[in-house]
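# Coordinate inspection notes
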Amino acid sequence: MAKNISDNMTFMLESFSEFNTSYNGSSNDTSLASGPSRTALYIGGIVMLVALLWGLFANILILLVVFTRRDLNNIINIFIISLCINDIINLGFNNNLVMLSYFMGEFPTGMLGCELATLFTVLFMGSSLWHTGLIAIHRLIVVVFNNFYKKISKRAYTCFVLVFARVIPLLFLAQPSLGQMAYYESRLLRCIVKKNYGPYNLLVIMFLMILPSIILVVCYIAVFIKVHQSSIAFRASRQKEWLKREIKITKMFGMVFLLIVIGYMPYGIVRSIDKQLQLSADFYVAITVFFAIGNCCNPIVYGAMDRSIRLECFKIFHLIKNQEKENGNALNTAQTTQMVVENEGETEVIPLNMSTKITQTNESFT
């Protein structure tokens, strides 16, 4: 019984170890004989290359837009910046190695790099999930405990989220077995954590997956209940607009969480069912590519659900007319100024440049 639980935990952890192809000491022919077809590898590599380029471009664009527009300097966008930085590093290192391994037919860095890549996958996955969990607590405080939110230091809580979401995953890299934890599975073309590290696998799943997910679900249920109750009680249109804005912000980060889960979980679920590796190796390539695409979709969520970021991105490429820009800016300024006057204690303003005083926030969502 205990062995089965440990094996299942190992299979789930493998969903965060998307590093495909052989150890450098093995020949390509031997590896590919028991692994995916060359056609599947080349098609998968091309799709991952397109997804990688898009993900890097879109995340860098979001960073550029938020950093260069002073009216976008607020707590919500700081969280978005932090998630974008996570994605850029993850795409540039982990996804890039996966893509190269598909084209080369071998892992580019050997077994040591293969294990480090596996552990870094755990690090970035955990960091992203803890970001969404701590942001869910932030949404709970803003919407449900707003009087308390007015009293706390916004800068301190923001720093806490940015640091804590990275420290917890880093703790899982500080262990004496580093360098001896992974092995190459030729059938899967993947470096995975050895099965005898059951306690480590269990801790990773509990603290980097399950715990932040539970926090997010509980907080979001409380937020939606509060919004439903308040929407009935509030008659003032401005109060309802504030609630509408907060729920849309909450939905945006909820979508980010769903993308993380949807991107990472399919492989783990399949492996927990296919313990004897009876499924086609090409099928495993397909779900790995699905994972890679999921890693690149967060900027789409930011642009689709944050009107301010979307407009600024369009401006860079001159995709909206000048008159539309002016009308959009005027509307945003009017709505934002009104919101600050009426809900001064409820705004989430925190400048990226702490020496600059920001008098208004721009978090209009459509």
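Please refer to the structure placed before this passage.
## Details of the nonpolar core
Most often, soluble globular proteins keep nonpolar side chains buried together rather than apart. Of all hydrophobic cores here, the largest spans 79 residues; its most connected members are I62, I80, Y200, L208, M252, F253 and Y302. A per-element tally of this core places helix α5 (residues 110-143) first, with 13 residues.

## A closer look at α5
The end-to-end C-alpha separation of α5 is 49 Å, in line with the 50 Å expected for 34 residues at 1.5 Å each. In terms of burial, α5 is largely enclosed, as 29 of its 34 residues are buried.

## Observations regarding the packing of aromatic side chains
This model, assessed by the stated rule, comprises 9 aromatic pairs. Ring plane angle 50 degrees and centroid distance 6.3 Å describe the contact between W54 and F57, whose orientation is recorded as tilted. Here the residue W54 and the residue F57 both occupy positions in helix α3 (residues 38-68), the gap between them amounting to 3 residues, near one helical turn. Since its relative accessible area comes to 42%, F57 is described here as partly exposed. In textbook terms, an aromatic cluster arises when at least three aromatic residues are bridged by ring pairs, as seen for W130, Y157, F160 and F164. Positioned above the aromatic ring of Y149, the side-chain terminus of K154 is 4.7 Å from the ring centre.

## Re the environment of L173
One can find L173 in the loop between α7 (154-171) and β1 (182-185). Between the C-alpha atom of L173 and that of L119, which follows or precedes it by 54 residues, the distance is 6.9 Å. Apart from the residues lying within four places of it in its own chain, the contact partners of L173 are L119, F120, L123 and L178.

## Regarding the pairing of strand β2 (residues 190-193)
The alternating pattern of β2 places R190 and I192 and C191 and V193 on opposite faces, both of which are buried. Of the strand pairs in this sheet, β1 and β2 are connected by 4 bridges, and their pairing is antiparallel. Bridge assignment links E185 to a residue of β2, and that residue is R190.

## Here's the deal with the pattern of salt bridges
This structure, assessed with the given rule, holds 2 salt bridges. In this structure, R69 engages E312 in a salt bridge whose closest nitrogen and oxygen atoms are separated by 2.4 Å. With R69 in the loop between α3 and α4 (75-104) and E312 in helix α12 (residues 307-316), this residue pair connects regions lying 243 residues apart in the sequence. Owing to a relative accessible area of 10%, E312 belongs among the buried residues under this scheme. Measuring nitrogen to oxygen at the nearest pair gives 3.0 Å for the salt bridge that ties K315 to E312. Within this pair, K315 and its partner E312 are both found in helix α12, separated by 3 residues, close to a single helical turn. The class of K315 is buried, set by a relative accessible area of 14%. Here the salt bridges share partners, and the residues they tie into one network are R69, E312 and K315.

## So, the side chain of S127
Relative to the assigned elements, S127 resides in helix α5. A residue is classified by how much of its surface remains accessible, and S127, at 2% relative accessible area, is buried. When sequence neighbours within four positions are dropped, the list of residues in contact with S127 reads N86, A165, R166 and P169.

## With respect to the environment of E185
Structurally, the position occupied by E185 is in strand β1. Sequence-wise, E185 and G35 are 150 residues apart; in three dimensions their C-alpha atoms are separated by 9.1 Å. Here E185 is in contact with R190, I192 and L277, once residues within four sequence places are set aside.

## A look at the side chain of H131
Of note, H131 is situated in helix α5. Judged by relative accessible area, H131 falls into the buried class, the value being 0%. In this structure the side chain of H131 is engaged in a polar contact, spanning 2.8 Å, whose partner is the backbone oxygen of S127. Ignoring any residue separated from it by four or fewer positions in sequence, one finds H131 in contact with S82, L83, N86, L162, A165 and R166.

About the criteria used
- Residues numbered from 1 in each chain as written.
- Predicted model: local features only at pLDDT ≥ 70, side-chain atom pairs only at ≥ 80, totals over all residues.
- Heavy atoms only, no water.
- Core = buried A, V, L, I, M, F, W, Y, C linked by side-chain atoms within 4.5 Å.
- Buried < 20%, exposed > 50% of the residue type's maximum accessible area, 1.4 Å probe, protein only.
- Helix = DSSP H or I, 4+ residues; strand = E, 2+ residues; numbered from the N terminus.
- Expected span 1.5 Å × (residues − 1).
- Phe/Tyr/Trp six-rings, centres within 6.5 Å; stacked < 30°, edge-to-face > 60°.
- Lys NZ or Arg CZ within 6 Å of the ring centre and 35° of its normal.
- Contact = heavy atoms within 4.5 Å.
- Pairing = 2+ DSSP bridges.
- Salt bridge = Lys/Arg side-chain N within 4 Å of Asp/Glu carboxyl O.
- Polar contact = N/O pair within 3.5 Å; in protein donor to acceptor, adjacent residues only side chain to side chain.

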